[in-house]
Amino acid sequence: VTSFAPLRAYVYREGLVRFASKPYSLKDEHIQDVYRHLTNYSINKYAPNFVENRELENDNVGHKWSFSALNKHLRHEHIDVDLMWSGIMDLIVKSLLSVEPSITAKTRDLNMQHQNCFEVYGFDVLVDEALKPWLLEVNLSPSMQADSPLDWQIKSSLLSDVFNL
């Protein structure tokens, strides 16, 4: 985001998709199983069946994929990827608009020059089987730690593009 007044946001079209290491379940015996209900890398890397993506060329292997790999897979399964991304973009815009008044007011109070500022936000979104996106959280200053070649490629390219806006 380079401005909230007017809103000017750039959405990076590549990113990371994380999968839980066990199938989702609401059964009583599974309700406390974090490997079924969370996709956090910091948790799932300890699951016995966790598969680390170690090769950049194979960005559709394991429990962490690129957006590109997910899009390709979904298209192969005849899923409307454009519909999914339209919903995600709508969610992002509405989320940013919801905080615009408070951020604009604070920026004005601090007499900050919005022409030379930007912020990178990380949106954690869950997409259900009907392709409806659900906002889990918005990360201010999302992690740029790179634990794999796929992380390195995506995050370094993102930062390069941010600094070249």
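Note that the structure is predicted; figures quoted are calculated from it, not measured.

Caption draft 1: Broad picture of the environment of Tyr121. Its location among the elements puts Tyr121 in strand E5 (residues 121-127). Residue Tyr121 is classed as partly exposed on the basis of its relative accessible area, which comes to 23%. Measuring from C-alpha to C-alpha, the distance between Tyr121 and Ile43 comes to 22 Å, with 78 residues separating the pair along the chain. For Tyr121, the contacting residues outside a window of four places in its chain are Val1, Phe4, Leu96, Ile103, Val138, Asn139, Leu140 and Pro142.

Caption draft 2: Up close: the packing of helix H3 (residues 67-76) against helix H4 (residues 81-109). Direction vectors running N to C along H3 and H4 enclose 135°, while the axes themselves pass 9 Å from each other. Judged by the angle between their axes, H3 and H4 are oblique. Listed contacts from H4 to Phe67, Leu70, Asn71, Leu74 and Arg75 of H3 are Val81, Asp82, Met84 and Trp85.

Caption draft 3: Highlighting the side chain of Asp124. The topology assignment puts Asp124 in strand E5. Classification of Asp124 as buried rests on a relative accessible area of 19%. A distance of 3.5 Å separates polar atoms of two side chains, one belonging to Asp124 and the other to Asn139. Those residues in contact with Asp124, other than ones at most four positions away along the chain, are Arg18, Trp134, Leu135, Leu136, Glu137 and Asn139.

Caption draft 4: Up close: the confidence of the model for the chain. Put simply, the chain has an average pLDDT of 91, and 98% of its residues get 70 or more. The secondary structure element of the chain with the lowest average pLDDT is helix H2 (residues 41-44), at 87, and the one with the highest is H3, at 96.

Caption draft 5: Summary view of H4. With 29 residues, H4 extends 42 Å from end C-alpha to end C-alpha; this agrees with the ideal 42 Å at 1.5 Å per step. Considering bend angle alone, the principal kink of H4 is centred on Glu100 and spans about 50°; proline Pro101 follows within four residues of it. For H4, every residue scored as buried is listed here: Val81, Met84, Trp85, Ile88, Met89, Leu91, Ile92, Ser95, Leu96 and Thr104. Of the surrounding elements, those touching the buried residues of H4 are strand E1 (3-4), strand E2 (7-8), H3, E5 and strand E6 (133-140). Here H4 starts with a cap whose side-chain oxygen sits 3.3 Å from the backbone nitrogen of Asp82, and that cap is Asp80. Within two residues after H4, Asn111 carries a phi angle of roughly 55°, on the positive side.

Caption draft 6: Structural view of the pairing of E6. For E5 and E6, the ladder comprises seven bridges, and the chain directions are antiparallel. The partner of Tyr121 across the bridge, within E6, is Leu140. A loop of five residues connects E5 with E6, the two strands running antiparallel in sequence, and Leu131 in this loop sits at a positive phi of about 70°.

Caption draft 7: Representation of the pattern of salt bridges. A complete count under the given rule lists seven salt bridges for this structure. The salt bridge partner of Arg18 is Asp124, with a shortest N-O separation of 3.9 Å. Linking Arg18 in strand E3 (residues 16-18) with Asp124 in strand E5, this pair joins segments that are 106 residues apart in sequence. Among the ionic pairs, Arg54 bridges to Glu52, the shortest N-O distance being 3.6 Å. Take Glu52: its relative accessible area is 22%, and that puts it in the partly exposed class.

Conventions used here
Residues numbered from 1 in each chain as written. Predicted model: local features only at pLDDT ≥ 70, side-chain atom pairs only at ≥ 80, totals over all residues. Heavy atoms only, no water. Helix = DSSP H or I, 4+ residues; strand = E, 2+ residues; numbered from the N terminus. Buried < 20%, exposed > 50% of the residue type's maximum accessible area, 1.4 Å probe, protein only. Contact = heavy atoms within 4.5 Å. Axes fitted to C-alpha atoms, helices over the stretch in contact; angles between N-to-C directions. Parallel < 35°, antiparallel > 145°, perpendicular 65-115°, else oblique. Polar contact = N/O pair within 3.5 Å; in protein donor to acceptor, adjacent residues only side chain to side chain. pLDDT = per-residue confidence, 0-100. Expected span 1.5 Å × (residues − 1). Bend = angle between axes of the 7 residues up to and from the residue. Pairing = 2+ DSSP bridges. Salt bridge = Lys/Arg side-chain N within 4 Å of Asp/Glu carboxyl O.

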